[in-house]
Amino acid sequence: MAVYTDISETDLAAFLRDYDVGELLSYKGIAEGVENSNFLLHASSGAYILTLYEKRVNPDDLPFFLGLMQHLSDRGISCPLPVRRKDGTTIGQLAGRPAALVTFLEGMWMRRPTVEHCREVGAALAAMHLAGSDFSLRRANALSVSGWRPLWERAKPRADEVAPGFAEETEADLAFLEANWPADLPVGVIHADLFPDNVFFLGKRLSGLIDFYFACTDLLAYDVAICLNAWCFEKDNSFNLTKGRALLGGYTTVRPLSDREAGMLPVLARGSALRFMLTRLYDWLNTPEGSLVVKKDPLEYLRRMRFHRQVRSPAEYGLEPQGATA
Ligand SMILES: Nc1ncnc2c1ncn2[C@@H]1O[C@H](COP(=O)(O)OP(=O)(O)OP(=O)(O)O)[C@@H](O)[C@H]1O
Ligand SMILES: N[C@@H](CCO)C(=O)O
């Protein structure tokens, strides 16, 4: 589920009076997603998504997230566009929560992405990186290397409940990543959670990117590594080289990776697998039984970490020679 906060029609109608969207025709909660409460809303001017930001979103970050969607949209990236209120602002209050209205994006996410979908997402990620290059706001990534150990310390005492040896194995990866994480790669706006459920398609064509609520300023190649993890592994946890080649091919056609970025892909991919393993592990151990939220499996990402540990060159992810520069 993702309706943590219920709203009454009266409160919603009052909230909408601050917008020029016309008359409210219908609204309903959206079950998907885990972070915020989302509603699909039809007004006489069109369809919108209403999001009520729940406790994991810091209200101080909202200008970054909403400003970024506006910025990217202005530069031709298909993503939700925040709707301005009559006073020109984009953030309101509803049912005691910060709330925003964004435009509805047509399409659906791919449960079983194909090689073509991987190519499209690679190209769209690169286009987003280029379009974000002149975005003026910055937001540090709380879930990059310096944020992993505090999260790990909270989960570690119970990690072996999930799988024997989990704690020892992760400890070694974390120590390796802390010692080898690059600091000298190109930085910019990254999506940081571009999983299949955050990318919409109409047929084979990508129709838009959603869910910018982990977006931040970090290494661009780290975003590529996140996508390799999220798009190019099969259900049996094997890496699909053809998908890797397509995703990286799609990306580098739009934004070539430097030799240094390419060379660091195994470390970045290992770090990205650790990052999602850690948040999943934390949620696995702390989400109450009987909660309606679907818990994601941390072991999927432990297995990806094992794969990345033995990768020696970016060619093993499918990166073709690009004639890149350092
Ligand atoms: N602009 C949009 N247009 C169409 N549908 C949308 C839009 N924004 C969100 N949705 C729908 O709402 C669902 C949840 O949105 P979103 O992924 O942003 O939620 P979330 O709670 O932040 O979830 P999570 O972080 O777990 O992915 C999406 O799967 C999609 O079905
Ligand atoms: N995409 C994340 C969850 C939401 O951010 C995961 O699969 O662990």
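All figures in this text were calculated on a predicted structure; none of them were measured in a lab.

### Here we look at the confidence of the model for the chain
This prediction gives the chain a mean pLDDT of 94; 97% of its residues lie at or above 70. Overall fold confidence (pTM) sits at 0.95, and the ipTM for the predicted complex is 0.93.

### Comments concerning the pairing of strand 3 (residues 46–52)
The buried fraction of strand 3 is high, at 5 of 7 residues. Here strand 2 (residues 37–43) pairs with strand 3 via 7 bridges, running antiparallel. Paired with Ser37 across the bridge in strand 3 is Leu52. Linking two consecutive strands that pair antiparallel, namely strand 2 and strand 3, is a turn of 2 residues.

### So, the domain arrangement of the chain
Looking at the chain, the domain boundaries give domain 1 (9–103) and domain 2 (115–317). Taken over C-alpha atoms, the centre of domain 1 sits 27 Å from the centre of domain 2. Listed per partner, the contact involves 20 residues of domain 1 and 23 residues of domain 2. Both sides together, the interface formed by domain 1 and domain 2 hides about 1,800 Å², and carbon and sulfur atoms give 71% of it. Together, Phe64, Phe65 and Leu68 form the three largest contributors to the area buried by domain 1 at its contact with domain 2, with a combined 31%.

### Side note on the sheet that holds strand 4 (residues 92–94)
Taken together, 5 strands build an open sheet; the order of strands is 1-2-3-5-4 and the sheet is antiparallel. Edge positions in the sheet fall to strand 1 (24–29) and strand 4, since each of these pairs with one other strand and no more. Between one strand and the next, the sheet's axes are offset by a mean angle of 35°, whatever the strand orientation. Pairing analysis gives 5 bridges linking strand 3 to strand 5 (residues 97–103), with the strands arranged antiparallel. By the bridge assignment for strand 5, Ile49 is matched with Val102.

### Regarding the site of ligand 2
Around ligand 2, the neighbouring residues are Asp193, Phe195, Phe214, Phe276, Arg280 and Lys296. Between ligand 2 and Asp193, the relevant distance is 2.7 Å, taken from a nitrogen atom to a side-chain nitrogen or oxygen of the residue. In the model, an oxygen atom of ligand 2 is placed 2.7 Å from a nitrogen or oxygen of the Arg280 side chain. The protein chains hide 89% of the 260 Å² of surface that ligand 2 would expose on its own. Tallied by class, the residues present in the shell around ligand 2 amount to 3 nonpolar, no polar and 3 charged.

### Re the packing of helix 5 (residues 166–180) against helix 10 (residues 298–309)
Taken N-terminus to C-terminus, the directions of helix 5 and helix 10 make an angle of 50°; their axes are 12 Å apart at the nearest point. Considering their axes alone, helix 5 and helix 10 lie oblique with respect to each other. Between helix 5 and helix 10 lies a crossing of left-handed hand. Contacts between helix 5 and helix 10 pair Phe166, Glu169, Thr170 and Asp173 from the former with Pro298, Leu299, Leu302, Met305, Arg306 and Arg309 from the latter.

### Things to note about the packing of aromatic side chains
Counted by the stated rule, this structure contains 17 aromatic pairs. Considering the side-chain rings of Phe201 and Trp231, the 6.4 Å spacing of their centres and the 70° angle between planes classify their relative orientation as edge-to-face. Here Phe201, found in strand 7 (residues 199–202), pairs with Trp231, found in helix 6 (residues 220–231); they are 30 residues apart in sequence, far enough to count as distant. Classification of Trp231 as buried rests on a relative accessible area of 2%. Three or more aromatic residues link up through ring pairs in this structure, and these residues are Tyr53, Phe64, Phe65, Phe135 and Tyr213. A cation over a ring is seen here: Arg111 above Trp109, with NZ or CZ 3.9 Å from the ring centre.

Cut-off values and rules
Residues numbered from 1 in each chain as written. Chains lettered and ligands numbered in written order. Predicted model: local features only at pLDDT ≥ 70, side-chain atom pairs only at ≥ 80, totals over all residues. Heavy atoms only, no water. pLDDT = per-residue confidence, 0-100. Buried < 20%, exposed > 50% of the residue type's maximum accessible area, 1.4 Å probe, protein only. Helix = DSSP H or I, 4+ residues; strand = E, 2+ residues; numbered from the N terminus. Pairing = 2+ DSSP bridges. Domains from an automatic or database assignment. Contact = heavy atoms within 4.5 Å. Buried area = accessible area lost by both parts, 1.4 Å probe. Axes fitted to C-alpha atoms, helices over the stretch in contact; angles between N-to-C directions. Near = heavy atom within 4 Å. Polar contact = N/O pair within 3.5 Å; in protein donor to acceptor, adjacent residues only side chain to side chain. Areas by Shrake-Rupley, 256 points an atom, 1.4 Å probe, with all protein chains shown as cover. Nonpolar A, V, L, I, M, F, W, Y, C, P; charged D, E, K, R; others polar. Parallel < 35°, antiparallel > 145°, perpendicular 65-115°, else oblique. Left-handed = near helix turned anticlockwise from the far one by under 90°. Phe/Tyr/Trp six-rings, centres within 6.5 Å; stacked < 30°, edge-to-face > 60°. Lys NZ or Arg CZ within 6 Å of the ring centre and 35° of its normal.

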